[in-house]
Each structure stands twice: as structure tokens, then as C-alpha cells.
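Report on the structure
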Amino acid sequence: MAGFVRELERRGGPALRLEQRAAGGVGCVVWDAALVLAKFLETGACPLARRHVLELGAGTGAVGIMAATLGANVTVTDLEELQELLVVNIENNKHLVTGSVRAKVLKWGEDVTEFQPPPDYILMADCIYYEESLEPLLKTLKDLTGPDTSVLCCYEQRTVGKNPEIERKYFELLQMDFELEKIPLDKHDEEYRSEDIHIVNIHRKQTSFPS
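Residues numbered from 1 in each chain as written. Predicted model: local features only at pLDDT ≥ 70, side-chain atom pairs only at ≥ 80, totals over all residues. Heavy atoms only, no water.

This brings us to helix H2 (residues 62-69). Across the eight residues that make up H2, a large majority, eight, are buried. Those residues of H2 not exposed but buried are Ala62, Val63, Gly64, Ile65, Met66, Ala67, Ala68 and Thr69. Positive phi appears at glycine 71, one or two residues downstream of H2, with a value of about 95°. (Buried < 20%, exposed > 50% of the residue type's maximum accessible area, 1.4 Å probe, protein only. Helix = DSSP H or I, 4+ residues; strand = E, 2+ residues; numbered from the N terminus.)

Written as C-alpha cells, this is what we have:
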């Protein structure tokens, strides 16, 4: 299977070198939303040093590996068939990592006990394009998040086909249990930003107990 390397510049040193795959599913290339989220992490808006970070639907691992170069202890997760690519990319960039990074299988909707306690951050880039994956993804988010977990969800707004409907449904379902705050465009990396790529900071709704 042919691979081709995508370089992702970093402010603080050599670029990340990310192998991609020319064949296979959607997880095999570095999507624009992953670039935007990875570069947003570099702005320092979210303190990552020594934080526990989990990436969902990691694909090439670009976002999680970037977080690990910023001092976070990261678990990048995706399906079984993407583990080999994740391991290759971790290996290729391990000399740049100042925290730690490992790859694990996590299938949305299934048991997440091994990923407890809840992480400080969950990272997601372009994870909302299959209608059938919305409910498993939301279950996983509910199971993984604690009251202090911050979920950074970056997605490209797509106007074709069923995409707008899937997006609308996702945010509707999400707002049943979570608070959403959109990160303004001027807080994104100056170069890696786009009007149609959004970053949303998501937190569990605080349950108020009767006094």
C-alpha cells in the first residue's frame, strides 16, 4: 500500500512527518480540520504540559502527536485497521515528543473502562460525517468525560449531500448533555485557519442538585 508523507510545520522546531496511505478509508490522510486543530494547540490557548489527553478517530495521529510534542501524555485511538499507521507515525516523531504518546483501539459505543479516569482533554478532528456513527460517538463522549474534561472538536462545515443534516443532528444530540462554546476564528493559528473550519470547546453540563 503506497504511503506518502505530509509534513506539518511546528513553531518550536522540526516539522512532524506524518505518513498517509493512498488506499484505505477516510482515516488515512491528514484532513484540513486536523491541521487546524493541531496548529490551534500550538497557540498555547489550552495548557497541555503533563495533561492527560485522548484523541478519538485519530486517523494519522496528527493532532494527538502534536499535543505530545507540547508536553501532554496522549493516547491516540482509532479502529484496529489504523493502528499500524498510528504506530508508524508515533515512531517517526518520537524524538519530538516531550510528553508521551501511545496508540490504542477504541471503537465508539463500546466499553471505555481502560481509558478511565476521564482525561483532561479529548481531541476530535472531522469525526462527524457518518450518520450511523453519531450515537456511538455520543455514547463514548458521555462515558469518557468527567466534569472537568474539555472536548476540542474541530470540523469542516460541508454543504453537500447529507452533511448539513448530519451536523445539525449531531449538535442537537450533543446539547442534551453538553455545553458548547465556539472558539472564535481570530483565536485560531494565523495561517492554519479557514472560515468553514470550526473549533468547538465542549464540556459536560453541570448537574445541579436540589439544595
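Relative to the assigned elements, arginine 50 resides in the loop between helix H1 (32-42) and strand S3 (52-56). Using a relative accessible area of 72% as the deciding quantity, one classes arginine 50 as exposed. Arginine 50 sits 126 residues away from methionine 176 along the chain, and the two C-alpha atoms are 31 Å apart.

Turning our attention to the pattern of salt bridges. Taken as a whole and judged by the stated rule, the model has 14 salt bridges. When the shortest N-O distance is used, the salt bridge between aspartate 126 and arginine 158 registers 3.0 Å. Of this pair, aspartate 126 sits in the loop between strand S6 (121-125) and helix H4 (134-144) while arginine 158 sits in the loop between strand S7 (150-156) and helix H5 (163-174), and the two are 32 residues apart along the sequence. The class for aspartate 126 is buried, based on a relative accessible area of 5%. In this structure, the salt-bridge partner of glutamate 165 is arginine 168, at a minimum N-O distance of 2.7 Å. (Salt bridge = Lys/Arg side-chain N within 4 Å of Asp/Glu carboxyl O.)

Applying the stated criterion to the full structure yields two aromatic pairs. An angle of 50° between the planes, with centres 5.2 Å apart, marks the rings of tyrosine 155 and phenylalanine 171 as tilted. Highlighted residues: tyrosine 155 in strand S7 and phenylalanine 171 in helix H5, separated in sequence by 16 residues. Look at tyrosine 170 and phenylalanine 171: their rings are 4.9 Å apart centre to centre, the planes differ by 70°, and that puts the pair in the edge-to-face class. As far as burial versus exposure is concerned, tyrosine 170 and phenylalanine 171 are alike and both buried. Chaining the aromatic ring pairs together yields one cluster made of Tyr155, Tyr170 and Phe171. In this arrangement the basic side chain of arginine 204 is found over the ring face of phenylalanine 178, its NZ or CZ atom lying 5.5 Å from the centre. (Phe/Tyr/Trp six-rings, centres within 6.5 Å; stacked < 30°, edge-to-face > 60°. Lys NZ or Arg CZ within 6 Å of the ring centre and 35° of its normal.)

Note that every value here comes from positions in space, so none of it alone points to a role or purpose.
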